[in-house]
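The chain contents come next:
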Number of protein chains: 2
Amino acid sequence: MVHFGGEEEFKVTPWEVEGVVDYDRLILEFGTKPLTEDLIEKTRELTKSYLPIFLRRKFFFSHRDYDLVLKDYEEGRGFFLYTGRGPSGPMHIGHIIPFYMTAWFQEKFDVNLYIQVTDDEKFIIHPEFEFEDTKRWALQNIFDIAAVGFNPDKTFIFQNSEYTKIYEIAIPISKKITFSTARAVFGFNESSKIGIIFYPAIQAAPTFFERRRCLIPAAIDQDPYWRIQRDIAESLGYFKTAAIHGKFFPPLTGISGKMSASMPETAVYLTDDPETVRSKIWKYALTGGQATAQEQRIKGGNPEVCVVFKWLEIFFEPDDQKLRRRYEDCRSGAILCGECKDYLISKVQAFLREHSERRKAVEPIVEKMKYTGKLAREMWDLHIPEALRK
Amino acid sequence: MVHFGGEEEFKVTPWEVEGVVDYDRLILEFGTKPLTEDLIEKTRELTKSYLPIFLRRKFFFSHRDYDLVLKDYEEGRGFFLYTGRGPSGPMHIGHIIPFYMTAWFQEKFDVNLYIQVTDDEKFIIHPEFEFEDTKRWALQNIFDIAAVGFNPDKTFIFQNSEYTKIYEIAIPISKKITFSTARAVFGFNESSKIGIIFYPAIQAAPTFFERRRCLIPAAIDQDPYWRIQRDIAESLGYFKTAAIHGKFFPPLTGISGKMSASMPETAVYLTDDPETVRSKIWKYALTGGQATAQEQRIKGGNPEVCVVFKWLEIFFEPDDQKLRRRYEDCRSGAILCGECKDYLISKVQAFLREHSERRKAVEPIVEKMKYTGKLAREMWDLHIPEALRK
């Protein structure tokens, strides 16, 4: 679970990301597969769509069994989507991006989506939190997630503390996982709380909601959870879950590590007002520019290490041509960092304005996705599936 | 958790009872207190009642904080009752006796009672069981338990797999218990399933249903579960749970160990028909008699090691005078083992006949105790108590 690159150390676990992540190396260490051009092309064919930037630019870069998911779809067996959110604070831009990837999958493949909001786990992990804290964040986060836009009749958003039926489904899973296995994957020790030792069964439970293949779009640090699921799924008569892994959205302060809600200077929150966004990006965004404007005009900048460019590349500049031109203009010294910052600021502000408007209108949709939509109603009436009874 | 007596070895854990149990020694080893004459007298005063044989004859022999329970009652703070059943098979006479003790407490003190039916735990522990098995036993066992007779508006009987709200309440408890503590109490190891490691939080949850002292009548082998509760309760603003501990109902085959559903020749089931009862007691009941009737007439028998006498003493002969006379008549050789067996058989048959009739009539009462009675309705609408949110 802890990984060290050759020249520069880095570390990726479900709880920590540190250092400059070598994604190719991560694929080797985690034993996942690179998302190849073939698979991306296949996705384009099947969806008959212009691909979203997350795929075009390989922000989603690795997978497990995504090829089988596409095959299942192509041959009519279908699949379903599952992802989640740990509600320990306000959501920032890095948190919301995988939900856009997920929404695209749902729209194009027209499949069910389950979103687990883990207020139980976050409460247990954080000594300083009361249960009310994570429950309150859960609700706040659900509003942000719903604002992304999902099919309200094919999406079920649930908090574990409320949809406690998840416990019933976790029981047969917890019967298949020994302490030894869970410790090997998560590094539990003597002082681990018994709630956290049980937790992998809760997080795996939604992969058993349907007897089709499950596709999980998520950042790659969550991968360990699915290794346990993949170990036991077939013995329960289910599919090993598939996953498609995102990179980490870089913090303002540099392209290493990941944006962290616990370091506000590294993040832009979905609730930040336009002035805050401007001042954070101006103050903290690390660019690849030179020391002076004059020097930059002569030597050019380095977009490879520039957070501003990365943010545009990952999410805020969907136009490929414009992005390429900006890259070249930076390299040649034709533009200065201030111009790029201004451009990013206007893009982020526009995005947050739209997000905020969608969020205001989302209450009836949240109601549907939690309780009254078609899938939500099915899930509240769920009987534990036959195959899970062993 | 494993205990060895001086002359004869014995062992008492939540899963096993072996050997001739030295109950005085168990009190020392477990660190509980003997149920004194003072406490029994106090119970009589407060309930203004003739005491049931379980107290008069000290089948319930040990306690934790039962004195404080009586004080709470006397001073108007009240208390509540909690007990449970692990549904891994049909119930026998040894299983049902603590429920009679519990029913007496409820009737005399007019308090709420929670009965946890642990179909989750039994399913996880038994590799050969499917979930449906323990769920089905849960329902069967609930009918037997309800037939004992409880106040349907003050009793909530729930299966953990169905009343999954128990998971929400277990979360804050599981946050306070480390693997190290749980292992010390229950002896978990590398191959323990993660569901079982979490389970102490589920079993402790009902002790937090009310912010009054909880009294648990149960066999003393269940005591370890309450040690963990007593360690953490006060930090959560709750009372340490109290308990009153029963001895083990002896198997037909001898007064050591305990009646076991997995050894049918040792047990009389609540569903056994009169002929089966007769033949089991005749065939298997170990008495303290001599080799021949003639020898018995001369030397007398030994009621101290006689299972038939024990069963009469614990449950089937409520008349103290009759019991004393039988003891003396055995000692003197005035009666033979066959007479005692016949007497016990008729008593057991009568009890089972009445039980079977009550069980047939119990369906609407089960409905109330599970779903529609006053307490059941409150529990299905339960919000997690303030103090448990930390």
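Residues numbered from 1 in each chain as written. Chains lettered and ligands numbered in written order. Predicted model: local features only at pLDDT ≥ 70, side-chain atom pairs only at ≥ 80, totals over all residues. Heavy atoms only, no water.

Participant: Explain the interface of chain B and chain A here, please?
Facilitator: Size of an interface: often given as the accessible area lost when the parts come together. Between chain B and chain A, the residue contacts involve 41 residues of the former and 41 residues of the latter. Here chain B and chain A share an interface that buries about 3600 Å² over both sides, 65% of which is from carbon and sulfur atoms. Considering only the surface of chain B that becomes buried against chain A, Y167(B), K175(B) and I194(B) emerge as the three largest contributors, covering 22% of it. Where chain B touches chain A, the interface holds four salt bridges. For the salt bridge of E168(B) with K135(A), the shortest nitrogen-to-oxygen distance reads 2.4 Å. At the junction of chain B with chain A, the criterion picks out 25 residue pairs in polar contact (both at pLDDT 80 or more). (Contact = heavy atoms within 4.5 Å. Buried area = accessible area lost by both parts, 1.4 Å probe. Salt bridge = Lys/Arg side-chain N within 4 Å of Asp/Glu carboxyl O. Polar contact = N/O pair within 3.5 Å; in protein donor to acceptor, adjacent residues only side chain to side chain.)

Participant: Looking at this model, I keep getting lost on the relation of the copies chain B and chain A. Mind explaining?
Facilitator: Note on the chain copies: they are related by a rotation about an axis and a translation along it. Between chain B and chain A, which share one sequence, the superposing operator has a rotation angle of 180° and an axial displacement of 0.0 Å; the RMSD is 0.0 Å. Both copies are brought into coincidence by an operation consistent with a two-fold rotation axis. Of all interface residues in chain B, 100% are interface residues in chain A too; the two copies therefore contact each other through one and the same surface. (Least-squares fit on C-alpha atoms with pLDDT ≥ 70 in both.)

Participant: Would you mind going over helix α7 (residues 131-146) of chain A with me for this structure?
Facilitator: For the α-helix, the turn length of 3.6 residues means that residues three or four positions removed from each other point alike. Look at α7(A): 22 Å from first C-alpha to last across 16 residues, which is about the 22 Å you get at 1.5 Å a residue. Restricting attention to buried positions, one finds in α7(A) the residues F131(A), D133(A), T134(A), K135(A), A138(A), N141(A), I142(A), F143(A), D144(A), I145(A) and A146(A). (Helix = DSSP H or I, 4+ residues; strand = E, 2+ residues; numbered from the N terminus. Expected span 1.5 Å × (residues − 1). Buried < 20%, exposed > 50% of the residue type's maximum accessible area, 1.4 Å probe, protein only.)

Participant: Is there a simple way to explain the sheet that holds strand β9 (residues 242-246) of chain A in this structure?
Facilitator: In sheet architecture, strand pairing relies on hydrogen bonds along the backbone and comes in two forms, parallel and antiparallel. Residue and element names in this part refer to chain A. If you trace the seven strands from one edge of the open sheet to the other, you get β3-β4-β9-β8-β5-β6-β7, paired in mixed fashion. Edge positions in the sheet fall to β3 (33-34) and β7 (155-159), since each has one partner strand and no second. As judged from the two bridges shared by β3 and strand β4 (residues 60-64), these two strands associate in the antiparallel manner. Considered in β4, the bridge of P34 is made with S62. Running at roughly 20° to β4, helix α11 (residues 223-232) makes contact with β4, β5 (79-85), β8 (213-219) and β9 of the sheet. (Pairing = 2+ DSSP bridges. Axes fitted to C-alpha atoms, helices over the stretch in contact; angles between N-to-C directions.)

Participant: Explanation requested: the pairing of β4(A) in the structure shown.
Facilitator: For a regular strand, side-chain orientation follows a simple rule: the groups alternate between the two sheet faces. Residues and elements named next belong to chain A. Buried residues dominate β4, accounting for five of its five residues. Here four bridges tie β4 to β9, and the two strands are oriented antiparallel to one another. Paired with R64 across the two strands is A243, which belongs to β9.

Participant: When you look at the sheet that holds strand β3 (residues 33-34) of chain B in this model, what are you seeing that I'm missing?
Facilitator: All names here are of chain B. Taken in spatial order, the seven strands of this open sheet run β3-β4-β9-β8-β5-β6-β7, and their pairing is mixed. This sheet does not close on itself; its edge strands, each paired only once, are β3 and β7 (155-159). Pairing geometry for strand β5 (residues 79-85) and strand β8 (residues 213-219), over three bridges, is parallel. Within β8, the residue paired with F80 across the bridge is C214. Against the sheet, helix α4 (residues 66-74) touches β4 (60-64), β5, β8 and β9 (242-246), its axis set at about 135° to β8.

Participant: When you look at the packing of helix α14 (residues 307-316) of chain B against helix α16 (residues 337-360) of chain B in this model, what are you seeing that I'm missing?
Facilitator: Relative orientation and spacing of two packed helices are given, respectively, by the angle between their axes and the distance between those axes. Residue and element names in this part refer to chain B. Two elements in contact, α14 and α16, have axes separated by 10 Å at closest approach and are oriented at 35°. At the point where α14 passes α16, the crossing takes the left-handed sense. Contact residues: V308, W311, L312, F315 and F316 in α14; C340, K341, Y343, L344, K347, V348 and F351 in α16. Along the lines of polarity and charge, the residues of the contact of α14 with α16 split into ten nonpolar, no polar and two charged. (Left-handed = near helix turned anticlockwise from the far one by under 90°. Nonpolar A, V, L, I, M, F, W, Y, C, P; charged D, E, K, R; others polar.)

Participant: Sorry if this is basic, but what is going on with the domain arrangement of chain A here?
Facilitator: Residue and element names in this part refer to chain A. The domains assigned to chain A are domain 1 (37-246 + 374-389) and domain 2 (264-360). A C-alpha centroid distance of 31 Å is found between domain 1 and domain 2. Taken together, the contact between domain 1 and domain 2 spans 17 residues of the former and 20 residues of the latter. Summed over both partners, the interface of domain 1 with domain 2 comes to about 1700 Å²; 62% of that surface belongs to carbon and sulfur atoms. Here domain 1 and domain 2 share three salt bridges between them. Between D320 and R56 there is a salt bridge, and its shortest N-O distance comes to 2.8 Å. Contributions of two or more residues to the side of domain 1 that touches domain 2 are made by α3 (53-56), α5 (93-109) and α7. If you tally residues by element for the side of domain 1 that touches domain 2, the top one is α5, at four residues. Along the lines of polarity and charge, the residues of the side of domain 1 that touches domain 2 split into twelve nonpolar, two polar and three charged. (Domains from an automatic or database assignment.)

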